[in-house]
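So you can see what is in the structure, the chains are spelled out below.
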Amino acid sequence: MEYPDPNLAVLLPFRNTVTYPSISTMHRSPIRSAQRLSPLYHPSIDGSELCVRLWDIQQRNPDRYQMLIGNLAGSFPSFERLGVNIVADGHVGLYWHERGIEKPLLAGQLSDGALRFLWLLSILYHPDCPPVILLDEPESHFHPRMIQILVEAFRECNAWTQIVATTHSASTVRFVKPSELL
């Protein structure tokens, strides 16, 4: 890509940057249902391929999938395991298992915070994670313990991507090292 103004050439390294706004987790949002198994390109901004992304991580990079599961276990005390399975007609569904609950919870039954957290982790741990990720207040709707785990996940994922996040949250800043803060 060539820019008419040579001063704008500094933007070239950011052409593969992906910016993620906050997603909708309302009752009928696409993130809350089983999703058709299809090729992944760039993550959608509505979470409509969350199940497919999780399936892809599980199949292509089991080590990263286990890191993602570890973050869930640290954030949700009753979390037991996450099932991502083909359900029917080429669709992938999410099954959240918790201790003390006989039947798994489906994506539509999860809290807004749990879905947002899972969506962020599915972006960070995906094998095709973009080289730069921009996040605006990623900690919205998260318990302080989840914020701490998210910041730790940022550090872990820094091995394969650069994450730039904005925040107004003192809780988030509390978990960031001075050298990581601008």
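First, a word on scope: everything that follows refers to the structure included in this document. As the structure is a computational prediction, the values presented were derived from the model and not from experiment. What you see as residue numbers is a count from 1 along each chain, following the sequence as written. Selection of residues for local features in this predicted model requires a pLDDT of at least 70, selection of side-chain atom pairs for listing and counting requires 80 or more, and totals for whole chains, interfaces and linings are taken over all residues. Side-chain descriptors were evaluated using all non-hydrogen atoms of the structure, hydrogens and water having been removed beforehand.

Another aspect to go through is the overall build of the protein chain. Scanning the protein chain for helices and strands turns up five helices and seven strands. We count a stretch as a helix when DSSP gives it H or I for four or more residues in a row; a strand needs E for two or more, and each element gets its number in order from the N terminus. In sequence order, the protein chain lays out its α and β elements as β-β-α-α-β-β-β-α-β-α-β-α. Between buried and exposed lies partly exposed: a residue is buried under 20% and exposed over 50% of the maximum accessible area for its type, with that area taken using a 1.4 Å probe on protein chains only. Across the 182 residues of the protein chain, 43% fall into the buried class. Residue contacts are counted whenever heavy atoms from the two residues lie within 4.5 Å of one another. For the protein chain, restricting intrachain contacts to residue pairs at least 6 apart in sequence, the fraction spanning at least 24 positions comes to 61%. Total accessible area computed for the protein chain in this model is approximately 10100 Å², and 55% of it derives from carbon and sulfur atoms. Here the accessible surface of atoms and residues is derived via Shrake-Rupley with a 1.4 Å probe, and residues count as covered only by protein chains that are part of the display.

Positive phi is not limited to glycine here, since E137 has a value of about 50°. Locating E137 in the fold gives a position in the loop between strand 6 (132-136) and helix 4 (144-157).

Burial in helix 1 (residues 50-60) covers these residues: L50, C51, V52, R53, L54, D56 and I57. Tucked into the core, helix 1 has its buried residues touching strand 2 (35-36), helix 2 (62-75), strand 3 (79-88), strand 4 (91-98) and helix 3 (112-124).

What follows concerns the layout of surface pockets. If you add up the space inside the largest pocket, you get close to 620 Å³. Sorting the residues of the lining of the largest pocket by element identifies helix 4, strand 7 (162-166) and helix 5 (170-174) as the ones contributing at least two each. Just so you know the grouping, Ala, Val, Leu, Ile, Met, Phe, Trp, Tyr, Cys and Pro go in nonpolar, Asp, Glu, Lys and Arg go in charged, and all remaining residues, Gly too, go in polar. Of the residues contributing to the lining of the largest pocket, the split by class is ten nonpolar, six polar and three charged. Only protein atoms enter the 1 Å grid used here, on which a cavity is any set of points holding a 1.4 Å probe that cannot leave and a pocket is any open set flanked by protein within 12 Å on both sides along at least five of seven lines; residues with an atom within 4 Å of a point are listed as lining. Grid points are joined across faces, edges and corners, and a volume is the space filled by probe spheres set on the points.

Examined against the element boundaries, V87 turns out to sit in strand 3. Along the primary structure V87 and R36 are separated by 51 residues, whereas in three dimensions their C-alpha atoms are 9.8 Å apart. Here V87 is in contact with A34, V92, G93 and Y95, once residues within four sequence places are set aside.

Let us now look at the environment of N71. Along the chain, the position of N71 falls in helix 2. Separated by 47 residues in the primary sequence, N71 and L118 have C-alpha atoms spaced 9.3 Å apart. Discounting chain neighbours no more than four positions away, the residues touching N71 are F117, L121, Y125, I149, A153 and E156.

To define axes, lines are fitted to C-alpha atoms, for helices over the stretch in contact only, and angles between the resulting N-to-C directions are given on a 0 to 180 degree scale. Relative to each other, helix 1 and helix 3 sit at 45°, their axes nearing to 10 Å. Between helix 1 and helix 3, the angle is such that the two are oblique. For the crossing formed where helix 1 meets helix 3, the hand is left-handed. Counting all contacts with helix 1, which are made through L50, R53, L54 and I57, the residues of helix 3 involved are L115, L118, W119, S122 and I123. By residue class, the composition of the contact of helix 1 with helix 3 is seven nonpolar, one polar and one charged. Our angle categories are set so that under 35 degrees counts as roughly parallel, over 145 as roughly antiparallel, 65 to 115 as roughly perpendicular, and the remainder as oblique. Here a crossing is taken to be left-handed if its near helix is turned anticlockwise relative to the far helix by less than a right angle, and right-handed if that turn runs clockwise.

The next point concerns the nonpolar core. Side-chain atoms within 4.5 Å link the members of a nonpolar core, which is a set of buried Ala, Val, Leu, Ile, Met, Phe, Trp, Tyr and Cys residues. Membership of the largest hydrophobic core comes to 43 residues, with the highest contact counts inside it found for L68, L72, L82, L94, W96, F117 and L118. Those elements that place two or more of their residues in this core are helix 1, helix 2, strand 3, strand 4, helix 3, strand 6 and helix 4.

A word on the packing of aromatic side chains. Only Phe, Tyr and Trp rings take part, Trp by its six-membered ring, and two of them pair if their centres are within 6.5 Å. Stacked means planes under 30 degrees apart, edge-to-face means over 60, and tilted covers everything else. One pass over the full model with this rule turns up five aromatic pairs. Plain terms: the ring middles of F117 and F142 are 5.4 Å apart, the flat faces sit at 85° to each other, and that makes the pair edge-to-face. Taken together, the residues F117 in helix 3 and F142 in the loop between strand 6 and helix 4 connect sequence positions 25 residues apart. Accessibility classification places F117 together with F142 in one group, the buried group. Three or more aromatic residues joined by ring pairs make a cluster, and in this case those are F76, F79, W96, F117 and F142. For the cation-ring pair, R64 lies above W160, with the distance from its terminal atom to the ring centre recorded as 3.6 Å. The criterion for a charge sitting over a ring is simple: Lys NZ or Arg CZ within 6 Å of the ring centre, and within 35 degrees of the ring normal.

Shape descriptors only; they carry no functional weight alone.
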